Each structure stands twice: as structure tokens, then as C-alpha cells.
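# Residue-level structural notes
Single-letter residue listing:
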Amino acid sequence: MPRGDGRLSHELDPYRPGPQDACGVFGVWAPGEEVAKLTYFGLYALQHRGQEAAGIAVSDGTGVVVYKDLGLVAQVFDEPTLASLRGHLAIGHARYSTTGGSTWENAQPTIKATNLGTTLALAHNGNLVNSADLATRIRELGLDVDGSTSDTALVTTLLAATPDLSVEAAALQVLPTVKGAFSFVFMDENTLYAARDRNGVRPLVLGRLERGWVVASEAAALDIVGASVVREVEPGELIAIDENGLRSSRFANPDPKGCLFEYVYLARPDATISGRNVYAARTEIGRQLAREHPVEADLVIPSPESGTPAAIGYAEESGIPYGMGLVKNAYVGRTFIQPSQTIRQLGIRLKLNPLRDVIRGKRIVVVDDSIVRGNTQRAIVRMLREAGAIEVHVRISSPPVKWPCFYGIDFADRAELLANGLDNEGIRRAIGADSLGYVSLNGLIAATEQPANRLCRACFDGQYPIDLPAGDLIGKHVLESVGRRVDEAGQAEQRDRSGDEPALNEDPATLERAGA
Ligand code: SF4
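Residues numbered from 1 in each chain as written. Predicted model: local features only at pLDDT ≥ 70, side-chain atom pairs only at ≥ 80, totals over all residues. Heavy atoms only, no water.

Phe 261, Val 300, Tyr 314, Val 367, Tyr 407 and Phe 411 are the most contacted members of the largest nonpolar core, which totals 45 residues. Those elements that provide at least two residues to this core are helix H8 (260-266), helix H9 (278-292), helix H10 (308-318), strand S20 (363-368), helix H16 (441-448), strand S23 (455-456) and helix H17 (458-461). When residues no more than four places from it in sequence are discounted, the contact partners of Val 300 are Ala 311, Tyr 314, Ala 315, Ser 318, Ile 320, Pro 321, Tyr 322, Gly 323, Val 365 and Val 367. (Core = buried A, V, L, I, M, F, W, Y, C linked by side-chain atoms within 4.5 Å. Buried < 20%, exposed > 50% of the residue type's maximum accessible area, 1.4 Å probe, protein only. Helix = DSSP H or I, 4+ residues; strand = E, 2+ residues; numbered from the N terminus. Contact = heavy atoms within 4.5 Å.)

Structure, rendered in C-alpha cells:
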């Protein structure tokens, strides 16, 4: 009998998820501390960056052990498991898949024996754009990625296979050949490493414990373990931490292109990126939105909870009272039980309920972070009208999302992006709002207080700062398809040799292994 999987989802509509981040990473070097537990709590604070799988690697100086599984951090680990993961350094990962499917093999940290007989474990936030090239190089070297089809396993394999080099020396050789977005934390038996791509697309922060060091995707993961923020890991920087202290080296010239969408939605509001507090940026975006798209109304409400800081800013700037109009049930999870057709059609009503007494008879401004497919906003507008709103004005704290992200965020296929086929008036009609206003790109950039040339904003303007390969050499399942091509090429070669007719190979496991 099918049963709910018990997983919670932060999505308003779990069937049509919004933008998905590509993972949270954490690393700690702290002799004398319970490093697995510190990593567990660090991952807990990063759970919003990935909910598909979680894992921790730990070393006591004699060997590296990895424990990982599909599910949320709190589902994967329990007290006995954490107690068994003993050592003085650890790394951890919370995964959302952007290259390779959501399988146990693709969960992280990835692990590999090195040529020197040590063990390497690695965790990755971001998405590579030259995975197909790396996979080809690995095949030519006769290496194996152990059934994984993630871009991360390619890097782990290359680092572990570099002959006669320490991990640190191998990293300085391999990392310049890795293209795309990456914030890596990795380790061998004695050393914790952290590296960030030369564009610094995804965040990575360095922190200090009384008796050690911490690196994490966001400062919230430092706060939760009692670490203080030292600084960000610089774009193009490799950090190594061991008993001799912290060493920093450059593997590439920095060319910062931080992700603009981190400020809008991805990072927690308590994060600080490139010196700008994310909550302050979001409230300023709301103020800018109010200046650019004013409207006469009685109440400003957020789309819970991601629209909250921008809604506060909109209310402050406009003078319209701020309030709560929608209640979110955080405990509705993903489920294997298909709701009845009636409930399925209700969509986000599984997650949201209107405060009818607050809404009835009012002109409402509802502030959300972005429109991807438009289903959520359409349902919210309808819900507010049914609850008695006399006008519904939608304000969005990002420009229209028109282009897919290849650097670690999973929006939707380009064809599914509502703003890709419609102008603003068409979108307003599609979601049924009385008015619709997006913050301008310049307004958004100004709110981040970053120079425009130090930001990636490709999902809004289509200007990709890191060159992309041809269409069939990029995407979530690129390595499965590279594997399929290799498999087909191998079959064709065999046929050429034997003169046989083609045979269909429908075993996906075989395809994945070939992809390795
Ligand atoms: S394309 Fe958009 S989501 Fe992706 S890194 Fe650039 S700004 Fe961020």
C-alpha cells in the first residue's frame, strides 16, 4: 500500500515547484569537537538549499567514512549514526540535483581512493558547464566514477587520480580546467579544503571556532555551530586547513559574477553575500518596487514566506499597512499518495489558507519573489478574490525570469517560463490580477549594492557570464546522455565488427554505468 514519504516540502505547490537551489555545503576542521554533529547542525541550517539527499564524510586521521542517503538531513541521520561518525574533520552536503538524477549514487559527499592510497571526499554547490568534456577526459584516462552521473563525481575522480600529487597539488592542477559554478568543500584523512570558482557564482563563507575552522554556503550554518564569520572564500581561491593552520592559494584569476537570484530568493534572509545583508537587500527591493509600481490599496501582504521582506519594504515605502493574509501550513509534505482529483486541482490550497476576515472588502497588494510558471500566483489571486478581496495587485521582487540557469538553479524548461511567451499585460491576464508590477533589473541590482558587472543576471537578461557549450552538452541529464551516446557508439562499433543488426538496450542502469 503506498504511503506518504513523510518529507516536508517548502513548496507552496509541491507538484509545480518553484526555483530550486543546487545544494548546501559545510566543512569543519576541529580536533576535540564532535565534528559529525557540528556538520549535522550546519546542514540543518542549509536545508533550504537542497532537500533531496544529505550526507556527511568524517575522518579520524586514519580513514574517511561517508554516510549519505536520500531525504532531509533529519531523516538521514539519527543519534547512533552521528555517534558512529568520529573524527576531527568532516564535510557535509544537502542536495538538490542539477546534474544527474536524484539517486543514492548521486548523493554527496562523493568519495574516491586516491592514487597515493588516501581517500578523498567532496561536496559541491553549483553546476558545471563542461561536464561532457570532463566525462570524456575521464573515459580517455580509463577512470571510473562508480555509477554516478553527477558533475561532482567527475571532479572527485580527476582529483583522486592525479598521479603522485597531493590532493592540494592536484586541486591546483585540476580546478583551472573545471568550468562553471562551484563551491567545493573536500577532504582527505587530515586536511579540509574549500574552493570557489573564479566567478564566485555561489556563496561560500569561512568561519572560526574556538578550536578550529568552518566553511559553509551561508553564515547561518556558522551561527548555528557557534562559529564567527572570518570572510568569504574568494573567487578563484583554494583554502587548505590542517594542523599547520590555514593556507590560501589562487588557482584562477577572480572575475566575480555572483548570482543575483541569491539576493532575491535563494539565500536565507540572515545571509550576507559580498558584504550585503540579504534581508536588507530584500526590503530595499520592496521599497524600490513601491517606487516603481505604486498603487492605491488597503493592505500589503507577502506570499509566505519568501515574499515577506520585500512586502515589508513595499509597505514601508508606500505607507500602506502591512499584514498577513495567507497562512502557510509548513507540515504538508511530499507524498506518494495522489490526492483525489478535486484536491489536486486545489493545488496550493494544500499549503495555503486565506485569513478571510483580514482580506474581505480590501484592495490587496500581494508581494512575491518571482514568477516562474505562474501557477502559484494564479492560484493566490483566485484564493484572495474568493476570500473577498475587491482588488488584487501583484508585485514581484525580481524582473521576469525568461532564461534558464546553467549555474546551479533549476527553474523550469525555457518553454515553461511564463515570461518567455507573454508580455507583462499577458502575464497579468494569465494570473488574473488587477495589476502586475515587476521590479526593474536596474532597481534590483541597486538594492544589492553590488556593481552590475560583478553579478550574474542571466536568467533575467540572457547574458551568460560563463560560456556555455552546445545545447546537447549541457543540462540536468547531460552525463546520462553522454553515457547513452557512448553506449550507442560502442554498440555501433560492435555491430561494425560483427555485422549484427542493432540491439535495443533499455536498461537505464547500463546507461548510467556507461555514462561513468
Ligand atoms: S542565471 Fe540567474 S539563478 Fe542562475 S546564477 Fe545567474 S542570476 Fe543566478
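Buried residues dominate strand S1 (residues 24-29), accounting for 6 of its 6 residues. Bridging between S1 and strand S10 (residues 212-216) involves 4 bridges; their strand directions are antiparallel. Residue pairing in the sheet places Trp 29 in a bridge with Trp 213 of S10. (Pairing = 2+ DSSP bridges.)

Attention shifts here to the UniProt feature "binding site: Mg(2+)" (unreviewed entry) in the chain. Mapped onto this structure's residue numbering, the UniProt feature "binding site: Mg(2+)" (unreviewed entry) falls at Ser 306, Asp 368 and Asp 369. A compact arrangement is adopted by the annotated residues: their sequence extent is 64 residues, whereas the largest C-alpha distance between any two is 6.9 Å. In this structure, Ser 306 sits in the loop between strand S17 (299-302) and H10. For Ser 306, the residues in contact, after removing those within four places along its chain, are Tyr 265, Asp 368 and Asp 369. Tracing the sequence through the fold places Asp 368 in strand S20. With relative accessibility at 6%, the residue Asp 368 sits in the buried group. (UniProt positions renumbered as here; feature names shortened; annotations may be inferred.)

Once that is clear, we can look at the UniProt feature "active site" (unreviewed entry) in the chain. In the numbering adopted here, UniProt assigns the feature "active site" (unreviewed entry) to Cys 23. Tracing the backbone through its elements, the reader meets Cys 23 in the segment before S1. In this structure Cys 23 comes out as buried when scored by relative accessible area, which is 3%. Once you skip the residues sitting within four places of it in the chain, Cys 23 turns out to touch Arg 49, His 93, Ala 94, Arg 95, Tyr 96, His 124, Asn 125 and Ser 217.

One can describe the packing of helix H4 (residues 131-140) onto helix H5 (residues 151-161) by two numbers: an axis separation of 10 Å at closest approach and a directional angle of 40 degrees. By the criterion of interaxial angle, the relationship of H4 to H5 is oblique. Here the hand of the crossing between H4 and H5 comes out left-handed. Only Asp 151, Leu 154, Val 155, Thr 157 and Leu 158 of H5 make contact with H4, whose side of the interface consists of Ser 131, Leu 134, Ala 135, Arg 137 and Ile 138. (Axes fitted to C-alpha atoms, helices over the stretch in contact; angles between N-to-C directions. Parallel < 35°, antiparallel > 145°, perpendicular 65-115°, else oblique. Left-handed = near helix turned anticlockwise from the far one by under 90°.)

Here the focus is the packing of aromatic side chains. One pass over the full model with this rule turns up 11 aromatic pairs. Aromatic pair Tyr 40 and Phe 41: ring centres 5.2 Å apart, planes at 85 degrees, arrangement edge-to-face. Overall, the relative accessible area of 12% leaves Tyr 40 in the buried class. For Phe 41, a relative accessible area of 38% translates into the label partly exposed. With 4.9 Å between their ring centres and 15 degrees between their planes, Phe 186 and Tyr 193 make a pair best called stacked. Judged by its relative accessible area of 0%, Phe 186 falls in the buried class. Members of the aromatic cluster, joined through ring pairs, are Tyr 40, Phe 41, Tyr 44, Tyr 67 and Phe 77. Positioned over the ring face of Trp 213 is Arg 208, at 4.0 Å from the centre of the ring. The aromatic ring of Trp 403 is capped on one face by Arg 414, whose charged end is 4.0 Å from the ring centroid. (Phe/Tyr/Trp six-rings, centres within 6.5 Å; stacked < 30°, edge-to-face > 60°. Lys NZ or Arg CZ within 6 Å of the ring centre and 35° of its normal.)

Right, let's talk about a nonpolar patch on the surface for a bit. On the surface, a nonpolar cluster with roughly 290 Å² of combined accessible area is contributed by Phe 41, Tyr 44 and Ile 224. As for its position among the elements, Ile 224 is in the loop between helix H7 (220-223) and strand S11 (228-232). When its relative accessible area of 41% is taken as the criterion, Ile 224 is described as partly exposed. (Patch = residues over 30% accessible without salt bridge, like charges linked within 9 Å, V, L, I, M, F, W, Y side chains within 5 Å. Areas by Shrake-Rupley, 256 points an atom, 1.4 Å probe, with all protein chains shown as cover. Salt bridge = Lys/Arg side-chain N within 4 Å of Asp/Glu carboxyl O.)

This part takes up the side chain of His 124. Along the chain, His 124 turns up in strand S6 (residues 119-128). His 124 sits in the buried class, given a relative accessible area of 1%. Of note is the side chain of His 124, whose polar atom sits 2.9 Å from the side chain of Thr 152. Among the polar contacts listed, one links the side chain of His 124 to the backbone oxygen of Ala 181, at a separation of 3.2 Å. (Polar contact = N/O pair within 3.5 Å; in protein donor to acceptor, adjacent residues only side chain to side chain.)

This brings us to helix H13 (residues 375-386). Between its first and last C-alpha, H13 extends 16 Å over 12 residues, near the 16 Å set by a 1.5 Å rise per residue. For H13, the full list of buried residues reads Thr 376, Gln 377, Ala 379, Ile 380, Val 381, Met 383 and Leu 384. Positive phi shows up at Gly 388, right after H13, with a value of about 105 degrees. (Expected span 1.5 Å × (residues − 1).)

Now for the sheet that holds strand S8 (residues 192-196). Spatially, 6 strands are ordered S5-S6-S7-S8-S12-S13 in an open sheet, and the strand pairing comes out antiparallel. Strand pairing shows two members of the sheet lacking a second neighbour, strand S5 (110-113) and strand S13 (245-250), which therefore form its edges. Across the sheet, the mean angle separating the axes of adjacent strands is 20 degrees when strand polarity is ignored. Relative to S6, S5 runs antiparallel, the two sharing 4 bridges. Among the inter-strand pairings, Thr 110 is bridged to a residue of S6, identified as Leu 122. Packing against the sheet, H5 makes contact with S5, S6 and strand S7 (180-187), and its axis sits at approximately 140 degrees to S6.

Next up on the list: the pattern of salt bridges. Counting across every chain of the model gives 24 salt bridges. Ionic pairing is found between Glu 218 and Arg 49, a salt bridge with its closest N-O pair at 2.5 Å. Here Glu 218 is found in the loop between S10 and H7, whereas its partner Arg 49 is found in the loop between helix H1 (35-45) and strand S2 (53-59), with 169 residues between them in sequence. Each member of the pair, Glu 218 as well as Arg 49, is classed as buried.

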